[in-house]
Amino acid sequence: MTTEASTTRTIEIPRVLSVKELGDLMGVSPVEVIKELMKNGVMAAINQVIDFDTAAIVASDLGFEAVEAPATEQAAVAAEPASTRQVIEEDAAKLQPRSPVVTIMGHVDHGKTSLLDAIRETKVTAGEAGGITQHIGAYQVHVEDHEITFLDTPGHEAFTAMRARGAQVTDVAVLVVAADDGVMPQTREAIDHAKAAGVPIVVAMNKMDLETANPDRVKKELSDNGVVIEEWGGDTPLVPVSARTKEGLQELLENIIVVSDVLELKADPDRPAIGIVVEAALSKTRGPLATVLVKTGTLRVGDNVVVGETQGRVKAMQNESGKRIKSAGPSAPAEILGLQAVPRAGETLQVAPDEKTARATVIERIREREAAAMHQQQRVTLDTLYGEISAGKLRELNIILKTDVQGSIEPIRTSLERLSNEQVKVKIIHTGSGSITESDLMLAVASKGIIIAFNTGTEGGADRLAASEKVDVRHYSVIYNIVEDVDKALKGMLEPTFREVVTAHAEVRQVFKVSRRNSIAGAFVRDGTITRTDQARVLRNGAQVGAGRLASLKRFQEDVREVATNFECGLQVEGFDSFEPGDIVECFRIERET
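Keep in mind that this is a model prediction, so the values were computed, not measured.

Colleague: Tell me about the overall build of the protein, and name the residues and values.
Modeller: Tallying secondary structure elements over the protein gives 15 helices and 34 strands in all. With 594 residues in all, the protein has 50% of them scored as buried. Relative to all contacts within the protein whose residues are 6 or more apart in sequence, the contacts with residues 24 or more apart total 72%. When the accessible surface of the protein is totalled, it reaches about 28,200 Å², and 47% of it is carbon and sulfur.

Okay, here's the thing in structure tokens:
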């Protein structure tokens, strides 16, 4: 083993390699490599993969100078992210205008689907009108000499799920607001999600044919939520429409084209295609199918492609009318056949030079993911905030704020935004009253933000998502403590904290009075395990109505230490005696942050 500085040897190490391969490169036993890894706090088996940085440290400890090996052709393809974080390199001289890609967003029952159907019925080309409509998740409409691609997705949740994987698919967001109903909770969510993505909004004020339509109310509520329409001096177009009578559809499409013209959308149709998976499914008769929206280049039948961690050869393509097509250019959607496995929505499709390169790329990506898993970086938290700022990695702290009541939002927002300084801006990207939802978590993931909850809890699915995605969720009951913690985090003075771990959610089914001032909640454990030592908060319609330690936990009159999912129990909460059927008891424990 070479350890003297005078005999230091230089070795080329690839971006990822196994422990055994590193030992072979240095001519030492894999056991020696494993020992050095352990000294550096990395536990790895002989066939486990490690990244270049880790391998370089081990090599240095064993007397070698490590340099990164030149990228091979397949490594260059593999470097294109599996989830499209890409900034696509384009030759400016070859760029040509492309069609806008539009997502329809808004509150449930405000007419998103009806509006899409009305546009589809009136604007499909004559040649395709007789075709069988296929649900492929996207379709194009023709307006004079322009085309518009609509993503037929469930709205802002799919929009944000793609952003969470790095895929910025949408160019313009159409916000559907019912003229008789105004701005509702999901409308506000859609506005915040579009703004967080930096996507321009066109408002479609639907249901204008109803006698109860109140356009002025809608305009005021939009303005109150930060969307100022052109008529009121803002830059957001608003178009009155009716999906039922088809009034205003042409004007809506024209406004989309005007907004997209300002964006100057361009792509190079002559380069190898890069696209985004919009939808994917496994067909019993045709195998894995994926709807791909081409971002740049042209995708052709016969192309070898890599999508995330799968690959294949495009055997056939069809459009939303079920018509076989041979190619799809920028902004065009196509359902492709020929992948070896079903990819995830939001993953990148990239054309590879040949099948061998495609296979090697997939293997490389899998190995990189395994190596990255060993050094999985934490998302931004209040505890790591100062370090991120000092390293110049952070310029904005994105916060999702959830409170028990609407009235608490503004004072907290104002107090937090005042903490902004020259180094970092505190930005509240979404607010709302009620429990933390999965949609809130997806927005936090996509925007690399944190969630602050004031006197409110977390839904079961959101709690699991927060744990898996490592999103920092902070619960508070005093506004001063929120401001103090964020201020300390910005200044690098935040002390080691305790975190709240939600252990279970139970639904109150019955209430039993055992004395004049004492009652027991008969509850059903919906998820997790309730432990007798847990603390609990009682949620009613998403707002906290009581909190305290568990005073008792019973099964069939017997005191028990814990009750698991799908079992019934009787419980009492110290200091709270006003249970109602339908209440949610959220149990939690406090742990010190390590």
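Colleague: Give a description of the sheet that holds strand S9 (residues 172–178) that names residues and reports values.
Modeller: Judged by pairing direction, the sheet is mixed, and its six strands sit side by side in the order S7-S8-S6-S9-S10-S11 without closing on themselves. Edge positions in the open sheet fall to strand S7 (138–143) and strand S11 (238–240), since each of these has one partner strand only. The sheet shows a mean angle of 30° between the axes of neighbouring strands, taken without regard to direction. As defined by bridge partners, strand S6 (residues 101–106) adjoins S9 across five bridges and the pair is classed as parallel. Counterpart to Ile104 in the pairing with S9 is Val174.

Colleague: How would you explain a negative patch on the surface if you had to name every residue and give the values?
Modeller: Taken together, the side chains of Glu144, Asp145, Glu251 and Glu254 make up a negatively charged region of the molecular surface. Position of Glu251 among the secondary structure elements: in helix H9 (residues 249–263). On the accessibility criterion, Glu251 (39% relative accessible area) is partly exposed.

Colleague: Account for the packing of aromatic side chains, naming residues and giving values.
Modeller: Scanning all chains against the criterion turns up two aromatic pairs. Taken together, a centroid distance of 5.1 Å and an interplanar angle of 85° make the contact between Phe576 and Phe579 edge-to-face. The class of Phe576 is buried, set by a relative accessible area of 11%. Using a relative accessible area of 6% as the deciding quantity, one classes Phe579 as buried. Cation over ring: Arg120 sits above Tyr139, and NZ or CZ is 4.1 Å from the ring centre. The ring of Phe588 carries the charged tip of Arg537 above its face, separated from the ring centre by 4.3 Å.

Colleague: Describe the nonpolar core, listing the residues and the values that go with them.
Modeller: In this structure, Leu115, Ile119, Ile148, Phe150 and Leu252 are the most contacted members of the largest nonpolar core, which totals 25 residues. Mapped onto this core, the elements with two or more residues apiece are S6, helix H5 (112–123), S7, strand S8 (146–151), S9, strand S10 (201–206) and H9. Among the elements that take part in this core, H9 stands out by supplying six residues, more than any other. Ranked by size, the runner-up nonpolar core spans 24 residues in total, among them Leu419, Ile450, Ile452 and Tyr476.

Colleague: Account for the packing of helix H2 (residues 30–39) against helix H3 (residues 52–61), with residues named and values stated.
Modeller: Here H2 crosses H3 at 105°, and the two axes come no closer than 10 Å. It follows that H2 is roughly perpendicular to H3 by the angle criterion. Here Val33, Glu36 and Leu37 of H2 come into contact with H3, specifically with Thr54, Val58 and Asp61.

Colleague: I'd like a description of the sheet that holds strand S25 (residues 473–476), backed by residues and values.
Modeller: Reading across the sheet, the four strands line up as S23-S22-S24-S25 and stay open at both edges, with parallel pairing between neighbours. Where the open sheet ends on each side, the last strands, each with one partner, are strand S23 (425–433) and S25. Within the sheet, the average angular offset between the axes of one strand and its neighbour, ignoring direction, is 25°. Two strands pair when backbone bridges link them, and strand S24 (residues 450–454) and S25 are joined in this way by four bridges, in the parallel orientation. Within S25, the residue paired with Ile452 across the bridge is Arg474. Contacts from helix H13 (residues 438–447) reach strand S22 (396–403), S23 and S24 within the one sheet, and its direction differs from that of S22 by about 175°. Together, S22, S23, S24 and S25 form the strand contacts of helix H15 (residues 479–491), whose direction differs from that of S24 by roughly 155°.

Colleague: Tell me what's going on with the side chain of Ser242, and back it up with residues and numbers.
Modeller: Inspection of the secondary structure assignment puts Ser242 in the loop between S11 and H9. A polar contact of 3.1 Å, which involves the side chain of Ser242, links it to the side chain of Thr245. Once residues lying within four places of it in the same chain are set aside, the contact partners of Ser242 are Asn206, Lys207, Met208, Asp209 and Glu247.

Colleague: A description of helix H7 (residues 185–197) should follow, citing residues and the corresponding values.
Modeller: For H7, with 13 residues, the first-to-last C-alpha span of 19 Å sits near the 18 Å given by 1.5 Å per residue. Looking only at H7, the buried set comprises Thr187, Glu189, Ala190, Ile191, Asp192, His193, Ala194 and Ala197. Following H7 by one or two positions, Gly198 has its phi on the positive side, about 70°.

Colleague: Got a sec to walk through the packing of helix H1 (residues 19–26) against H2? Specific residues and values, please.
Modeller: If you want to describe how two helices pack, look at the angle between their axes and the distance between the axes. In the contact formed by H1 and H2, the axes pass within 8 Å of each other and the chain directions differ by 115°. Taken together, the axes of H1 and H2 are roughly perpendicular relative to one another. Crossing hand, H1 versus H2: right-handed. In this structure, H1 uses Val19, Lys20, Leu22, Gly23 and Met26 to contact H2, whose residues at the interface are Pro30, Val33, Ile34 and Leu37. Across the contact of H1 with H2, the residue classes break down as seven nonpolar, one polar and one charged.

Colleague: Can you tell me about the pairing of S9, naming the residues and giving the values?
Modeller: S9 sits mainly inside the fold: seven of its seven residues count as buried. In S9, alternate side chains face the same way, and those of Val172, Val174, Val176 and Ala178 on one face and Ala173, Leu175 and Val177 on the other are all buried. Summarising the sheet, S9 and S10 pair through six bridges and their orientation is parallel. Along S10, the bridge assignment pairs Leu175 with Val203. For the crossover from S9 across H7 to S10, the handedness is right-handed.

Colleague: An account of the side chain of Asp583 is needed here, citing residue identities and associated values.
Modeller: By the element assignment, Asp583 lies in the loop between strand S33 (568–573) and strand S34 (584–592). One polar contact links the side chain of Asp583 to the main-chain amide nitrogen of Glu580, over a distance of 2.8 Å. Not counting chain neighbours up to four residues away, the residues in contact with Asp583 comprise Ala506, Glu507, Val508, Val538, Leu539, Arg540 and Ser578.

Colleague: I'd like a description of H3, backed by residues and values.
Modeller: Of all the residues in H3, the buried ones are Phe52, Thr54, Ala55, Ala56, Val58 and Ala59. The inward-facing, buried residues of H3 abut strand S1 (9–13), strand S2 (16–18), H1, H2, strand S3 (49–51) and strand S4 (64–68).

Colleague: Hey, could you go over the pattern of salt bridges for me, with residue numbers and the actual values?
Modeller: All chains considered together, the criterion is met by 23 salt bridges. A salt bridge links Glu396 to Lys427, with the nearest nitrogen and oxygen atoms 3.8 Å apart. Placement of the pair is Glu396 in strand S22 and Lys427 in strand S23, with a sequence separation of 31 residues. It is possible to trace a salt-bridge network through shared partners that takes in Glu410, Arg413 and Glu417.

Here is what the cut-offs are and how they apply
- Residues numbered from 1 in each chain as written.
- Predicted model: local features only at pLDDT ≥ 70, side-chain atom pairs only at ≥ 80, totals over all residues.
- Heavy atoms only, no water.
- Helix = DSSP H or I, 4+ residues; strand = E, 2+ residues; numbered from the N terminus.
- Buried < 20%, exposed > 50% of the residue type's maximum accessible area, 1.4 Å probe, protein only.
- Contact = heavy atoms within 4.5 Å.
- Areas by Shrake-Rupley, 256 points an atom, 1.4 Å probe, with all protein chains shown as cover.
- Pairing = 2+ DSSP bridges.
- Axes fitted to C-alpha atoms, helices over the stretch in contact; angles between N-to-C directions.
- Patch = residues over 30% accessible without salt bridge, like charges linked within 9 Å, V, L, I, M, F, W, Y side chains within 5 Å.
- Salt bridge = Lys/Arg side-chain N within 4 Å of Asp/Glu carboxyl O.
- Lys, Arg positive; Asp, Glu negative; His and termini not counted.
- Charge placed at Lys NZ, Arg CZ, Asp CG, Glu CD.
- Phe/Tyr/Trp six-rings, centres within 6.5 Å; stacked < 30°, edge-to-face > 60°.
- Lys NZ or Arg CZ within 6 Å of the ring centre and 35° of its normal.
- Core = buried A, V, L, I, M, F, W, Y, C linked by side-chain atoms within 4.5 Å.
- Parallel < 35°, antiparallel > 145°, perpendicular 65-115°, else oblique.
- Polar contact = N/O pair within 3.5 Å; in protein donor to acceptor, adjacent residues only side chain to side chain.
- Expected span 1.5 Å × (residues − 1).
- Left-handed = near helix turned anticlockwise from the far one by under 90°.
- Nonpolar A, V, L, I, M, F, W, Y, C, P; charged D, E, K, R; others polar.
- Right-handed = clockwise from strand over helix to strand, strands pointing away.

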